[in-house]
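Observations on the three-dimensional arrangement
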Amino acid sequence: MNPEECIDFFFKPESIALIGASPNPEKLSHTVLESLRKMGFKGKLYPVNPGYKEIEGLKCYSAPGEIEDRIDIAIFAVPAKAVLEILKGPVENIRGAIIVSSGFREMGPGGKKTEDELRTLLKEKGIRAMGPNCLGIYDTISKVDTFFIEREKIERPARGGVSVLTQSGSFAAVIMDELANEGAGVARVISYGNKVDVDESDCLDVLARDEATKAVALYIESVGNGRRFLEAASNCVKKKPVVALKVGKREPGARAASSHTGAISGRYEAYEAAFRKTGIIEVASYEELKDACKVLNRYSPVAGKRVLIITDGGGIGISIADSCEEAGLKVPELSETAARRLKEKLPTFASVRNPIDLTGSVRDEHYVAALEEVSAGEYDLAIVSLLWGPPLLTEEVAEKVRNFADSCGKPVLISSPGGKFSREMASAFTNSGMPVFFTPESAVRAAAVLCGGNGQLK
């Protein structure tokens, strides 16, 4: 890779300039400044706005060229025409730009002309850029948060192992908020908008080398350079799982994508073939991509498709088993040896088939006994579904199951269907770092991802 093609500095910046900075809380740039500060960014922050000498204790510069330091990231939070005017001036000290401004290709022919001019200026100045029309970067490793949505409105996830790539800023915001609320973390979230320069292929190159990223989740509206994408995706998949959601598959969605980021979606069949060729795991919906993020934060993919199901409610167990079959997963019968051992340790009325039904007489230790007594050679992962109604079941079951999961070498997924009380009890699992799914179908979707994405729930 040529040095000028490398964009690693976006993910380990030592200095950030905020162009269009303002002390006015109603301005997007003010929220960006607050986001960077609350995130705990340790590098140098340079507000840029000719209307101010100082903003919130920081010296304010009238133009980026006045800053003597090299600027790793310049965040442009000014109108589209102002972006062009600033880039025509002295900006030799800027390495990378995040252009959050809208008013470009997504606006139609006039906006496309403006974006073409932007592209030309960036190349002339030797500046790599994300955007325009994007949120930029939320990075739990380098402590960068360029999102202009307040934390009170969109929660930020803690550090995790999954990085998310998306053209859509709203998608980035929503999945971050949901992952944070469900106890799942992220490594980096990258919203690159209209892709005037940096695109998913550039980001895949970075994340393939990134030790903090265990898996990649990709939201795609369009891909510009198909050959480049195939190369970058194939290289990344060799090192870590990549899961993708392609939107704009049909005409109405493609039309919406065009007005959203100016994307030209292309034929879905071409993307489908590209995913198969590179080894990308394709998911069919937002919910599936979120489930994938949650499970890949803790577990790596498995070689087989055999699922052990353990529950304290027979109906839920049947539902999970049906969903497994629909997703192309297997729910094999237990061996006679395992069934015999289980009968000695479980309640009298327990069913020792697969699913294993522990019944309403279940105690915490029965879940662990069911996991321990079934040979690891009989299954590739387990789904443990807990209905919290049985009187002898306590939240201490979370620690017992977690300890088993840490030692067994097999993924253990938690399904905890129900309302407010179930979610409160399930927090004992999320607090211990285990992925929790609140419907049987979502647990199976996550299991399918770990099994290579073979089959999709209809």
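Numbering of residues starts from 1 in every chain and runs along the sequence as written. Whole-chain, interface and lining totals are the exception, using all residues; otherwise, since this is a predicted model, local features are given only for residues with pLDDT of at least 70 and side-chain atom pairs are given and counted only at 80 or more. Side-chain measures were taken over the full set of non-hydrogen atoms in the model, leaving aside hydrogen atoms and water.

Quick notes on the overall build of the chain
If you tally the helices and strands in the chain, you get 15 helices and 20 strands. With respect to the three principal axes, the spread of C-alpha positions in the chain is 80 × 50 × 35 Å. Looking at the chain as a whole, 58% of its 458 residues qualify as buried. For the chain, the accessible surface area stands at approximately 19100 Å², while carbon and sulfur atoms represent 50% of it. Taking the average location of the 59 positive side-chain charges in the chain and that of its 63 negative ones, the two points are 3 Å from each other. Helix and strand definitions here come from DSSP, where helices need a minimum of 4 consecutive H or I residues and strands a minimum of 2 consecutive E residues; each element is numbered from the N-terminal end. Any residue under 20% of the maximum accessible area for its type is buried, any over 50% is exposed, and the rest in between are partly exposed; the area is computed with a 1.4 Å probe on protein chains only. Here, Shrake-Rupley sampling with a 1.4 Å probe gives the accessible areas, and only protein chains in the shown set may cover a residue. Positive charges come from Lys and Arg, negative ones from Asp and Glu, while His and the chain ends are left out of the count. Throughout, a charge is located at the NZ atom of Lys, the CZ atom of Arg, the CG atom of Asp or the CD atom of Glu.

What to know about the pattern of salt bridges
We define a salt bridge as a contact between a side-chain nitrogen of Lys or Arg and a carboxyl oxygen of Asp or Glu at a distance within 4 Å. Considering all chains together, one arrives at 33 salt bridges under this definition. Measuring nitrogen to oxygen at the nearest pair gives 3.3 Å for the salt bridge that ties Lys88 to Glu117. Of this pair, Lys88 sits in helix 2 (residues 80-88) while Glu117 sits in helix 3 (residues 109-125), and the two are 29 residues apart along the sequence. Within this structure, Arg105, Lys112, Glu115, Asp116 and Arg119 form a network of salt bridges that share partners.

Examining helix 11 (residues 336-345)
When we look at burial in helix 11, the residues that qualify are Ala338, Ala339 and Leu342. Buried residues along helix 11 cover an arc of 95 degrees about the axis, so they all sit on one side. The exposed set on the far side of helix 11, more than 90 degrees from its buried face, consists of Glu336, Lys343 and Glu344. Contacts are assigned to residue pairs that have any heavy atoms within 4.5 Å of one another. Close packing links the buried residues of helix 11 with strand 16 (351-352), strand 17 (356-357) and helix 12 (364-373). By construction, the arc corresponds to the directions joining the helix axis to the C-beta atoms.

Details of the nonpolar core
What is meant by a nonpolar core is a set of buried Ala, Val, Leu, Ile, Met, Phe, Trp, Tyr and Cys residues, joined one to another through side-chain atoms within 4.5 Å. Counting residues in each nonpolar core, the largest one holds 89 residues, and the members touching the most others are Ile356, Tyr367, Ile383, Val401 and Phe429. No other element matches the seven residues that helix 15 (residues 440-450) contributes to this core. When neighbours within four sequence positions are excluded, Phe429 is seen to be in contact with Leu386, Trp388, Val397, Ala398, Val401, Ile414, Met434 and Val436. Listed in part, the 45 residues of the second largest apolar core include Phe41, Leu207, Val216 and Cys236.

Considering the side chain of Thr166
Relative to the helices and strands, Thr166 is located in strand 10 (residues 162-166). Any pair of N or O atoms that falls within 3.5 Å is considered a polar contact. Within protein, one atom must be able to donate a hydrogen and the other to accept it, and sequence-neighbouring residues count only if both atoms are side-chain atoms. A polar contact is formed between the side chain of Thr166 and the backbone nitrogen of Ser168, at a distance of 2.9 Å. Apart from residues lying up to four places away in sequence, Thr166 is in contact with Phe171, Ala172, Ile190, Ser191, Tyr192, Gly193 and Tyr219.

Considering the side chain of Glu182
By the secondary structure assignment, Glu182 is in the loop between helix 4 (169-181) and strand 11 (188-191). On the basis of relative accessible area, Glu182 is assigned to the buried category, the value being 12%. Discounting residues that sit within four places of it in the chain, Glu182 has contacts with Lys290, Lys294, Thr430 and Phe438.

Some points on the sheet that holds strand 15 (residues 307-311)
Strand pairing within a sheet occurs via backbone hydrogen bonds; the two strands may be parallel or antiparallel. Taking strand neighbours across the sheet as the criterion, the six strands line up as 16-17-15-18-19-20 in an open arrangement whose pairing is mixed. Strand pairing shows two members of the sheet lacking a second neighbour, strand 16 and strand 20 (436-437), which therefore form its edges. Note: two strands are recorded as paired if DSSP finds a minimum of 2 bridges between them. One ladder, built from four bridges, connects strand 18 (residues 381-385) with strand 19 (residues 412-415); its direction is parallel. From the neighbouring strand, Ile383 faces strand 19, where its bridge partner is Leu413. Angular values range over 0 to 180 degrees, each being the angle between N-to-C directions of two axes fitted as lines to C-alpha atoms, with helices fitted over their stretch in contact. Packed on one face of the sheet, helix 10 (residues 314-326) meets strand 15, strand 17 and strand 18 and runs near 160 degrees to strand 15.

Here's the deal with the packing of helix 2 against helix 3
Packing of helix 2 against helix 3 leaves a shortest axis separation of 10 Å and a crossing angle of 25 degrees. Here helix 2 lies roughly parallel to helix 3, going by the angle between them. At the point where helix 2 passes helix 3, the crossing takes the left-handed sense. Here helix 2 contributes Ala80, Val83, Leu84, Leu87 and Lys88 to the contact with helix 3, which in turn contributes Thr114, Glu117, Leu118, Leu121, Leu122 and Lys125. Throughout, the term roughly parallel applies to angles under 35 degrees, roughly antiparallel to angles over 145, roughly perpendicular to angles from 65 to 115, and oblique to all others. What makes a crossing left-handed is the near helix being turned counterclockwise from the far one by less than a right angle; a clockwise turn instead makes it right-handed.

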